[in-house]
Amino acid sequence: MSKPNQTLGEFIIENQTSFKYTSGELSRLLNSIRLAAKVVNHEVNKAGLVDIIGNAGDTNIQGEDQQKLDVYANEKFIQTLTKRNIVCGIASEEEDDFIAINSQDENNQNKYIVLIDPLDGSSNIDVNVSVGTIFSIYRRVTPLGTPVTLEDFLQKGSAQVAAGYVVYGTSTMLVYTTGDGVNGFTLNPAIGSYYLSHPNMQFPADGNIYSVNEGNYSDFPVGIKKYIKYCQEDEGERPYTSRYIGSLVSDFHRNMIKGGIYMYPKSSKNPKGKLRLLYECNPMAFIAEQANGKASDGFTRIMDIVPTELHERVPFICGSVNMVEKAEEFMRNEEL
Ligand code: P6P
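About the criteria used
- Residues numbered from 1 in each chain as written.
- Predicted model: local features only at pLDDT ≥ 70, side-chain atom pairs only at ≥ 80, totals over all residues.
- Heavy atoms only, no water.
- UniProt positions renumbered as here; feature names shortened; annotations may be inferred.
- Near = heavy atom within 4 Å.
- Polar contact = N/O pair within 3.5 Å; in protein donor to acceptor, adjacent residues only side chain to side chain.
- Areas by Shrake-Rupley, 256 points an atom, 1.4 Å probe, with all protein chains shown as cover.
- Nonpolar A, V, L, I, M, F, W, Y, C, P; charged D, E, K, R; others polar.
- Pairing = 2+ DSSP bridges.
- Helix = DSSP H or I, 4+ residues; strand = E, 2+ residues; numbered from the N terminus.
- Contact = heavy atoms within 4.5 Å.
- Axes fitted to C-alpha atoms, helices over the stretch in contact; angles between N-to-C directions.
- Core = buried A, V, L, I, M, F, W, Y, C linked by side-chain atoms within 4.5 Å.
- Buried < 20%, exposed > 50% of the residue type's maximum accessible area, 1.4 Å probe, protein only.
- Parallel < 35°, antiparallel > 145°, perpendicular 65-115°, else oblique.
- Left-handed = near helix turned anticlockwise from the far one by under 90°.
- Arc of directions from axis to C-beta.

Under an unreviewed UniProt entry, the name given to the protein is Fructose-1,6-bisphosphatase class 1, and the source organism is Winogradskyella pacifica. As its UniProt record puts it under Catalytic activity (unreviewed entry), the protein is described as follows: "beta-D-fructose 1,6-bisphosphate + H2O = beta-D-fructose 6-phosphate + phosphate". Word for word, the UniProt comment on the protein under Subcellular location (unreviewed entry) is "Cytoplasm".

Structure follows, in structure tokens:
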């Protein structure tokens, strides 16, 4: 249930009864993410002004240069989630392994774990293009009061209890779901509050925007190549418009509002795709499905994939249901 100009805090409290687990902790967890996002937003918005952009000199487990804001965002989210004693474990794109929190404290009755991509699309920072944070929340599956294990993190996306993203764009928005629809909140930087600006967000069933890095076209599976050509044919609603920001959160957010499809297929350079299942594809798939959209690897529902590694990658197709199903049809036809 939503009211115009409701703040995120009011919305969380008002809707916590709709959350089927004991919601006090989840509300505190969402509030801590809200706070961390405000702190990161402040730094992202002044990235061009202080010496915090450019490479931090390290590389992450993905072998990618870590931008300083990546490191900063990662530290802020981990600090906020840890010191508020809300979660029992965290996994991050920027951390080689998961982090067990208060693992020696058998009184640690915290039941939630968080997986996060603290600053997705960070290569766009230096050129002033929008970036985002993506988060995914599960209940632990191992006994309360014991140290979390990898098993707690390798859960299917269908077990998520909440997921969301922050898009640091022309305005900063926090968009999330707890399994009861998708709602978007816009930050008023003057007072530091998020206001409900996009209640009950829904993917249009159809759209005319396709988002893919066509520079990799020659390397795509034949089914994807045929779907891209289908998008470019001059017939009916087509040719569609090609829009690719190079920031998953931004492309996803625009496609959810206007209708569209985002694709990151496998290629010889990325034989399993580039996007990470646990903290990019699963949370975005949860949001997509809650907004009547669809997300698959071209054949299998993303949230049905059983994870085997913390940083595993999968091919990703996500967006308006009729567009995703058309792309899947081309993929299946090439499989036959
Ligand atoms: P490419 C950013 O690094 C990211 O993970 C997504 O946000 C984005 O859509 C994609 O990778 C861009 O990758 O290979 O097209 O530059």
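**Student:** So what's going on with the site of the ligand? Residues and values would help.
**Tutor:** Taken together, 13 residues lie near the ligand, and Asp120, Tyr244, Leu248, Tyr262 and Tyr264 sit nearest. In this structure, an oxygen atom belonging to the ligand sits 2.9 Å away from a side-chain N or O atom of Asn213. Relative to its free-state accessible area of 400 Å², the ligand is covered by the protein chains to the extent of 84%. Here the residues of the shell around the ligand sort into five nonpolar, four polar and four charged.

**Student:** Please give an account of the sheet that holds strand 3 (residues 87–92) that cites residues and values.
**Tutor:** Reading across from one edge, 4-3-5-6-7-8-9-10 is the order of the eight strands in this open sheet, with mixed pairing throughout. At either end of the open sheet lies a strand with only one pairing partner, and these are strand 4 (99–100) and strand 10 (193–198). Bridging between strand 3 and strand 5 (residues 112–120) involves five bridges; their strand directions are parallel. Bridging from a neighbouring strand, Gly89 pairs with Ile113 of strand 5. Most of the contacts of helix 1 (residues 8–15) go to strand 8 (residues 172–177), to which it runs at about 10°, and overall it touches strand 8, strand 9 (182–188) and strand 10. Taken strand by strand, helix 7 (residues 277–290) contacts strand 3, strand 5, strand 6 (131–139), strand 7 (162–168), strand 8 and strand 9, and its axis lies near 85° from that of strand 6.

**Student:** Account for the nonpolar core, with residues named and values stated.
**Tutor:** In this structure, Leu29, Val87, Leu119, Ile137, Tyr168 and Tyr176 are the most contacted members of the largest nonpolar core, which totals 39 residues. For this core, the element with the most residues is helix 2 (residues 23–45), which contributes eight residues.

**Student:** Give a detailed account of the packing of helix 5 (residues 222–232) against helix 8 (residues 321–335), specifying residues and quantitative values.
**Tutor:** Put simply, helix 5 and helix 8 touch, their axes get as near as 8 Å, and they point 135° apart. What the angle tells us is that helix 5 and helix 8 run oblique. Crossing of helix 5 over helix 8 shows right-handed handedness. Of helix 8, the residues touching helix 5 (which contributes Val222, Gly223, Ile224, Lys226, Tyr227 and Tyr230) are Met323, Lys326, Ala327, Phe330, Met331 and Glu334. Split by residue class, the contact of helix 5 with helix 8 holds eight nonpolar, one polar and three charged.

**Student:** Which residues make up the sheet that holds strand 13 (residues 261–264), and what values go with them?
**Tutor:** One open sheet accounts for five strands, arranged 12-11-13-15-14; its pairing is mixed. Only two strands of the sheet have a single neighbouring strand rather than two, namely strand 12 (241–242) and strand 14 (294–296). Two strands pair when backbone bridges link them, and strand 11 (residues 209–211) and strand 12 are joined in this way by two bridges, in the parallel orientation. Its bridge partner being in strand 12, Ile209 is matched across the sheet by Thr241. Together, strand 11, strand 13 and strand 15 (316–319) form the strand contacts of helix 5, whose direction differs from that of strand 13 by roughly 150°.

**Student:** Which residues make up helix 1, and what values do they have?
**Tutor:** Within the span of helix 1, buried status applies to Leu8, Gly9, Phe11, Ile12 and Asn15. End-on view of helix 1: buried residues confined to an arc of 165°, all on one side of the axis.

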